Structure formats: structure tokens, C-alpha cells
Amino acid sequence: MTENIKLEVVTPEKSVVSEDAQIVMAPGEMGEFGVLAGHTPFLTTLKTGPVKYRDATGKERIVFVSGGFAEALPDRVTVLAESAERRKDIDVQRAQAAAERAEKRLQTGSPDVDYFRAKAALHRAISRLEIAKSRSL
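Right, let's walk through the structure included here.

The subject of this paragraph is the pattern of salt bridges. Between side chains of opposite charge, pairing is possible as soon as their charged atoms come close. Tallied over the full model, the rule gives three salt bridges. Measuring nitrogen to oxygen at the nearest pair gives 3.2 Å for the salt bridge that ties E19 to R86. With E19 in strand 2 (residues 15-28) and R86 in strand 7 (residues 76-86), this residue pair connects regions lying 67 residues apart in the sequence. Note that E85 is salt-bridged to R128, the shortest N-O span being 2.6 Å. Linking E85 in strand 7 with R128 in helix 2 (residues 115-133), this pair joins segments that are 43 residues apart in sequence. The burial state of E85 is the same as that of R128; both residues are buried.

This is the structure in C-alpha cells:
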């Protein structure tokens, strides 16, 4: 039997996930990392992308996170994200609209457009759409 670890994904507004997991994979700033029970403690920053985990029954789950930090301990992983939502809760129409708005801002070429902010918004929207589309896989 696989030993489980506790996964907590929280934002400033709410707790998104609080459950046992067999393994947690997350988008670390220096690359994706995985955590199993008994892992060496560490703290890292996160990139925008999917936190994937297998729940206690072995079913794969995915949570979109936008930046933040992850702390791994031998018995738990805590993700403190700027924003997060479960794959099943992603509003595809809203994400598509956000991608379109960001693309329009980038295409204007106006000096008033914050290029890095628009590029980050586009990346978040595309990541959310990719995660939402993975539901059918």
C-alpha cells in the first residue's frame, strides 16, 4: 500500500485543495518537481501551470496555479498560490475571452500597453485552457 501525503493548495481568498495524495507534481521555477511521502524538506517558487497529483484512490487530479510558493515536507505539500482552481472549475469561455483580450493588447503595439503584464495574462489564459481541455483525455 502506498503511503499518502497531505496536499494543501490555498490562495489568499480560499482553500482550493485539502486532501491526501499519493504523489504531487508541481511547476517549480527551476523545473517540474515531484513529491512522495518521506521527501526531503524544501521550499521553492512556482511558475504558472498545473499542479498534478494522484488522490488517495489513485485518480489523477489537476489544479491550475498562477505563481506562488510550495513547501514540501516528509508528510505534506503546501502550495500558497496567487490564484488556483481545480481543472473541473475552470471556466473555458472566461479563459478564452482573457486570451483574446491579452492577444489584442499585445497586437496593438501601443506604448501604453504593459507588454510583460499582457504576456503573463496570455500565458495564464493559455495554461488554463490547456488544463481544461485535458479533461477529455
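Moving on, there is more to tell.
Moving on to a positive patch on the surface. A contiguous patch of positive charge on the surface is contributed by R94, R101, R105, R117 and R124. Elements that contribute at least two residues to the positive patch include exactly helix 1 (92-108) and helix 2. With respect to the helices and strands, R101 occurs in helix 1.

Cut-offs and rules
Residues numbered from 1 in each chain as written. Predicted model: local features only at pLDDT ≥ 70, side-chain atom pairs only at ≥ 80, totals over all residues. Heavy atoms only, no water. Salt bridge = Lys/Arg side-chain N within 4 Å of Asp/Glu carboxyl O. Helix = DSSP H or I, 4+ residues; strand = E, 2+ residues; numbered from the N terminus. Buried < 20%, exposed > 50% of the residue type's maximum accessible area, 1.4 Å probe, protein only. Patch = residues over 30% accessible without salt bridge, like charges linked within 9 Å, V, L, I, M, F, W, Y side chains within 5 Å. Areas by Shrake-Rupley, 256 points an atom, 1.4 Å probe, with all protein chains shown as cover. Lys, Arg positive; Asp, Glu negative; His and termini not counted. Charge placed at Lys NZ, Arg CZ, Asp CG, Glu CD.

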